[in-house]
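Here are the chains, one letter per residue:
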Amino acid sequence: MSEMNRRKFLTVASQVVGVAVFSRGIFKGLFSAAQAAEPAKPLAELKMLDPKDTLASAVKYVEDYKKAPTSKGNHCVSCQFYAKKEVKAGKEVGTCTIFQGKLVYGNAFCNSYSKKA
Ligand code: SF4
């Protein structure tokens with residue numbers, strides 16, 4: 001590749017990457033704003049969080065705190081991010097600030113646990 005072609009290639013490549021990064025930032029911002037503006041759904045319409053979900057995996061979410069050696073007996077019901085409870089199929093479930101639009105089990109646990117004050 002000649003010096004001129006290489007320079008032109010690098011210039012175009014940096015512009016493409018810049019546009020992609022910029023667009024991604026705008027998209028993320030719009031998505032967050034849309035999510036924030038979205039009215040809360042009734043609990044009955046929410047689905048259970050899939051432990052294989054990317055974010056759930058990242059914070060090591062487990063549906064039964066007894067299977068998490070780091071839980072030390074703590075679980076969602078005593079976490080400050082847990083709210084709005086109901087019973088589904090005999091188990092307490094609720095919402096979690098971290099997993100918007102999903103339900104978590106009251107007996108679940110993840111590494112983002114923070115004891116209620
Ligand atoms: S942040 Fe708290 S309420 Fe949410 S899943 Fe983790 S332990 Fe449960």
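Remember, it's a predicted structure, so these values are computed and weren't measured experimentally.

Enquirer: Looking at this structure, I do not really get the overall build of the protein chain. What am I missing?
Expert: Scanning the protein chain from terminus to terminus reveals two helices and four strands. The order of helices and strands in the protein chain, counted from the N terminus, is α-β-α-β-β-β. Long-range contacts, defined here as pairs at least 24 residues apart, represent 62% of the contacts in the protein chain between residues at least 6 apart. Total accessible area computed for the protein chain in this model is approximately 8600 Å², and 60% of it derives from carbon and sulfur atoms.

Enquirer: Got a minute to help me understand the sheet that holds strand S2 (residues 82-88) in this structure?
Expert: Hydrogen bonds along the backbone pair up the strands of a sheet, which may run parallel or antiparallel. Across the sheet, four strands lie side by side as S1-S4-S3-S2; this open sheet has mixed pairing. Only two strands of the sheet have a single neighbouring strand rather than two, namely strand S1 (47-48) and S2. The pairing of S1 with strand S4 (residues 102-105) spans two bridges and is parallel. The residue bridging Lys 47 from the neighbouring strand is Lys 102, located in S4.

Enquirer: Before we go on, may I ask you to explain the nonpolar core in this structure?
Expert: In a soluble, globular protein the nonpolar side chains are often hidden away together inside. Grouped together as the largest cluster of nonpolar side chains are 21 residues, with contacts concentrated most on Leu 49, Tyr 61, Phe 99 and Val 104. Of all the elements in the fold, those that place two or more residues in this core are strand S3 (91-96) and S4. Of all the elements, S4 adds the most residues to this core, at three residues.

Enquirer: Even after reading the chapter, I still don't get the site of the ligand, so can you show me in this structure?
Expert: In the vicinity of the ligand, the contacting residues are Tyr 61, Cys 76, Cys 79, Phe 81, Tyr 82, Cys 96, Ile 98, Phe 99, Cys 110, Ser 112 and Tyr 113. A class-by-class count of the residues in the shell around the ligand yields ten nonpolar, one polar and no charged.

Enquirer: What's the story with the environment of Thr 97 in this structure? I'm lost.
Expert: Relative to the helices and strands, Thr 97 resides in the loop between S3 and S4. The partly exposed category is assigned to Thr 97, whose relative accessible area is 46%. Along the primary structure Thr 97 and Phe 81 are separated by 16 residues, whereas in three dimensions their C-alpha atoms are 5.1 Å apart.

Enquirer: Just to check I follow, could you spell out the pairing of S3 for this structure?
Expert: If a strand is regular, its side chains alternate between the two faces of the sheet. Relative to S3, S2 runs antiparallel, the two sharing five bridges. Following the sheet pairing, Lys 88 is matched in S3 by Lys 91. A loop of two residues connects S2 with S3, the two strands running antiparallel in sequence, and Ala 89 in this loop sits at a positive phi of about 50°. Of the strand pairs in this sheet, S3 and S4 are connected by three bridges, and their pairing is antiparallel. The partner of Gly 94 across the bridge, within S4, is Val 104.

Enquirer: So what exactly am I meant to see when it comes to the side chain of His 75 here?
Expert: Assignment of secondary structure puts His 75 in the loop between helix H2 (54-58) and S2. The exposure class of His 75 is buried, given its relative accessible area of 15%. A polar contact of 3.1 Å, which involves the side chain of His 75, links it to the backbone oxygen of Gly 73. Once residues lying within four places of it in the same chain are set aside, the contact partners of His 75 are Tyr 65, Gly 106, Asn 107, Ala 108, Phe 109 and Tyr 113.

The rules we used
- Residues numbered from 1 in each chain as written.
- Predicted model: local features only at pLDDT ≥ 70, side-chain atom pairs only at ≥ 80, totals over all residues.
- Heavy atoms only, no water.
- Helix = DSSP H or I, 4+ residues; strand = E, 2+ residues; numbered from the N terminus.
- Contact = heavy atoms within 4.5 Å.
- Areas by Shrake-Rupley, 256 points an atom, 1.4 Å probe, with all protein chains shown as cover.
- Pairing = 2+ DSSP bridges.
- Core = buried A, V, L, I, M, F, W, Y, C linked by side-chain atoms within 4.5 Å.
- Buried < 20%, exposed > 50% of the residue type's maximum accessible area, 1.4 Å probe, protein only.
- Near = heavy atom within 4 Å.
- Nonpolar A, V, L, I, M, F, W, Y, C, P; charged D, E, K, R; others polar.
- Polar contact = N/O pair within 3.5 Å; in protein donor to acceptor, adjacent residues only side chain to side chain.

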